[in-house]
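Residue-level listing of the chains:
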Amino acid sequence: MNERRLTFIVVPHGDLETRAFELSYSRLKLLLVGMIVLMVVFVIMVSSWWYVAAQAARVAGLEREVSRLEADRAKVAELAKTLEQVEAQYERVRQLLGTEPAPKGKEPIMPPLVPRKGSSAGTSSAGVSSSPE
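Now for a look at the structure at hand.

## Digging into the overall build of the chain
Helix and strand counts for the chain come out as 2 helices and 2 strands. The linear arrangement of helices and strands in the chain, starting from the amino end, is β-β-α-α. Counting over 133 residues, the chain shows a buried share of 2%. In the chain, the proportion of contacts linking residues at least 24 apart, taken out of those at least 6 apart, comes to 0%. When the accessible surface of the chain is split by element, carbon and sulfur atoms take 63% of a total near 13,400 Å².

The following block contains the structure:
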């Protein structure tokens, strides 16, 4: 069987000897398929590394945000401690004054406002007469 072949001839510069390489077309096809597979694997590897590099670039920003949130959490804890101390002091003042604490869940009932004598609300209709004397 006469199989077709591809011949490469290499001529070195300044040398009289040449070299010839022969490849069958089936081997050439196999070589091309192998190169395509290697290129696909290379592209997949680069794309996966690209994803990892993008995630690694986010790390610095996320670390800054974590440190800021930890500082905020420390401030909140300090404010909660201060609030607890103020509430305890307020409870002591209420006990010293002898008042009973307001029932839980209900707002304190304030007495209705009664206008005082001589105030502008009480004299607006009764204190002024429109008839001349």
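## Observations concerning a nonpolar patch on the surface
Taken together, the side chains of Val-33, Val-37, Val-41, Phe-42, Val-43, Met-45, Val-46 and Trp-49 present a nonpolar region at the surface, about 730 Å² in accessible area. Note on placement: Trp-49 falls in helix 1 (residues 25–97). Among the residues examined, Trp-49 registers a relative accessible area of 54% and is labelled exposed.

## Re the pattern of salt bridges
Per the counting criterion, the structure on display carries 2 salt bridges. For Arg-5, the salt bridge is made with Glu-22, and the minimal N-O distance between the two is 3.6 Å. Placement of Arg-5 in strand 1 (residues 5–10) and of Glu-22 in strand 2 (residues 19–24) is noted, with a sequence separation of 17 residues between them. For Arg-5, a relative accessible area of 49% translates into the label partly exposed.

## Description of helix 1
With 73 residues, helix 1 ought to run about 108 Å at 1.5 Å a step, and its terminal C-alpha atoms sit 106 Å apart, in line with that. At Ala-60, helix 1 shows its strongest bend, of approximately 30 degrees. After helix 1 finishes, the residue Gly-98 shows a positive phi value of roughly 80 degrees.

## Comments concerning the side chain of Ser-24
Note on placement: Ser-24 falls in strand 2. Taking the relative accessible area as the measure of exposure, Ser-24 reaches 7% and is therefore buried. Polar contacts involving the side chain of Ser-24 include one to the side chain of Glu-3, which spans 3.2 Å.

Conventions adopted
- Residues numbered from 1 in each chain as written.
- Predicted model: local features only at pLDDT ≥ 70, side-chain atom pairs only at ≥ 80, totals over all residues.
- Heavy atoms only, no water.
- Helix = DSSP H or I, 4+ residues; strand = E, 2+ residues; numbered from the N terminus.
- Buried < 20%, exposed > 50% of the residue type's maximum accessible area, 1.4 Å probe, protein only.
- Contact = heavy atoms within 4.5 Å.
- Areas by Shrake-Rupley, 256 points an atom, 1.4 Å probe, with all protein chains shown as cover.
- Patch = residues over 30% accessible without salt bridge, like charges linked within 9 Å, V, L, I, M, F, W, Y side chains within 5 Å.
- Salt bridge = Lys/Arg side-chain N within 4 Å of Asp/Glu carboxyl O.
- Expected span 1.5 Å × (residues − 1).
- Bend = angle between axes of the 7 residues up to and from the residue.
- Polar contact = N/O pair within 3.5 Å; in protein donor to acceptor, adjacent residues only side chain to side chain.

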